[in-house]
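Fold and geometry: a report
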Amino acid sequence: MEIEKTADGSYTLFVPELNEHYHSVKGALTESEHIFINMGLKHSQATSPHILEIGFGTGLNAFLTSLEAKKENRNIFYTTIEKYPLDMETIKLLDYPKLIAPEESELFYSIHNAEWNSPQTVSEHFTIEKIEGDFTEYNFSKGYDIIYFDAFAPEKQPEMWSQTLFDNLYEVLNDNGILTTYCAKGVVRRMLQKAGFIVERLAGPPGGKREILRGTKKK
Ligand SMILES: C[S@@+](CC[C@H](N)C(=O)[O-])C[C@H]1O[C@@H](n2cnc3c(N)ncnc32)[C@H](O)[C@@H]1O
């Protein structure tokens, strides 16, 4: 695993075995904020959303979400699944609080130190449940309002992007629930539509990908 600075000054990780980055090299922070916070969380009408993230990774999305929970005074329950948890040494090197919110450093580390497989309330408005497990085999219960779909790219990990898995995610979403992902490939869009989502192609993050996808479960 190698650490790399991205175009907006935030760091990401590079996995040589997969030849894949954890985030966009055009800006890790910019990407996460745009796709998951602005197009996902802020777009959701749910008063106290239950979020499901596929791929906890560096905890960047979780941290940004916890900051938004505080800003909006909105209670958030955040479930995230990760098959390969990172070690604390790597997390410290990424040093996200320094660039994003130095005064919330403690919150960032509470998220990372939170016990796996049992919900932990780490701030007034934010409870996190980190599942150490394999997304392709896990049975989620129903009741999510927002899904942050943040797996490695379909070319690198095709098993994470299957029709069956998108069908299952559609099933566990509440009505008006949404799923956002950075991947705008036609094949992914069609799988989401087949699962039942109404899919929008939205502008990508500034300086990054041209388009991203958001699926909504309309009933
Ligand atoms: C694009 S990165 C996620 C980035 C993450 N959301 C973040 O903010 O850092 C994809 C993540 O999916 C994880 N992953 C890979 N295969 C998985 C699987 N079968 N089940 C759950 N997580 C998996 C990887 O270890 C990696 O952390």
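Structure: above.
Structure report, in brief.

What counts, and where the lines are drawn
- Residues numbered from 1 in each chain as written.
- Predicted model: local features only at pLDDT ≥ 70, side-chain atom pairs only at ≥ 80, totals over all residues.
- Heavy atoms only, no water.
- Pairing = 2+ DSSP bridges.
- Helix = DSSP H or I, 4+ residues; strand = E, 2+ residues; numbered from the N terminus.
- Axes fitted to C-alpha atoms, helices over the stretch in contact; angles between N-to-C directions.
- Contact = heavy atoms within 4.5 Å.
- Polar contact = N/O pair within 3.5 Å; in protein donor to acceptor, adjacent residues only side chain to side chain.
- Core = buried A, V, L, I, M, F, W, Y, C linked by side-chain atoms within 4.5 Å.
- Buried < 20%, exposed > 50% of the residue type's maximum accessible area, 1.4 Å probe, protein only.

As judged from the three bridges shared by strand S6 (residues 120-123) and strand S7 (residues 126-132), these two strands associate in the antiparallel manner. Bridge assignment links Thr-121 to a residue of S7, and that residue is Thr-127. In this antiparallel pair of consecutive strands, S6 and S7, the connection spans two residues.

This paragraph deals with the sheet that holds S7. Strand order in the open sheet formed by eight strands is S6-S7-S5-S4-S8-S9-S11-S10, and the pairing between neighbours is mixed. Bordering the open sheet on either side are S6 and strand S10 (198-203), each of which pairs with just one other strand. Put simply, the sheet's adjacent strands are angled 20 degrees from each other on average, direction ignored. The sheet contact formed by S10 and strand S11 (residues 211-216) spans six bridges and is antiparallel. Among the inter-strand pairings, Arg-201 is bridged to a residue of S11, identified as Leu-213. Taken strand by strand, helix H5 (residues 105-113) contacts S6 and S7, and its axis lies near 35 degrees from that of S7. Sitting on the sheet, helix H6 (residues 163-172) touches strand S4 (50-54), strand S8 (144-149) and strand S9 (173-181), and the angle it makes with S9 is about 135 degrees.

Within the secondary structure, Lys-130 is located in strand S7. Reaching out from Lys-130, the side chain makes a polar contact with the backbone oxygen of Ala-114 at a distance of 3.0 Å. Once residues within four sequence positions are removed from consideration, Lys-130 is found in contact with Phe-56, Thr-80, Ile-111, His-112, Asn-113, Ala-114, Glu-115, Trp-116 and Asn-117.

Turning to the sheet that holds strand S3 (residues 20-21), a few remarks are in order. The pairing of strands in a sheet happens through backbone hydrogen bonds and is either parallel or antiparallel. One open sheet holds the three strands; their spatial order is S1-S2-S3, and the pairing between them is antiparallel. The open sheet has two edge strands with one neighbour each: strand S1 (2-5) and S3.

This part is about the nonpolar core. Grouped together as the largest cluster of nonpolar side chains are 67 residues, with contacts concentrated most on Ile-54, Phe-135, Phe-140, Phe-149, Trp-161, Phe-166 and Leu-169. By residue number, the principal contributor to this core is helix H1 (residues 28-41), which donates seven residues. The contact partners of Phe-149, leaving out residues within four places of it in the chain, are Phe-36, Ile-54, Phe-135, Met-160, Trp-161, Phe-166, Leu-169, Leu-179, Thr-180, Thr-181 and Tyr-182.

Unlike most non-glycine residues, Asp-95 shows phi in positive territory, near 45 degrees. Inspection of the secondary structure puts Asp-95 in the loop between helix H3 (88-94) and helix H4 (96-100). Phi angles above zero are rare outside glycine, and Asn-117 is one such case at about 65 degrees. Looking at the element boundaries, Asn-117 is found in the loop between H5 and S6.

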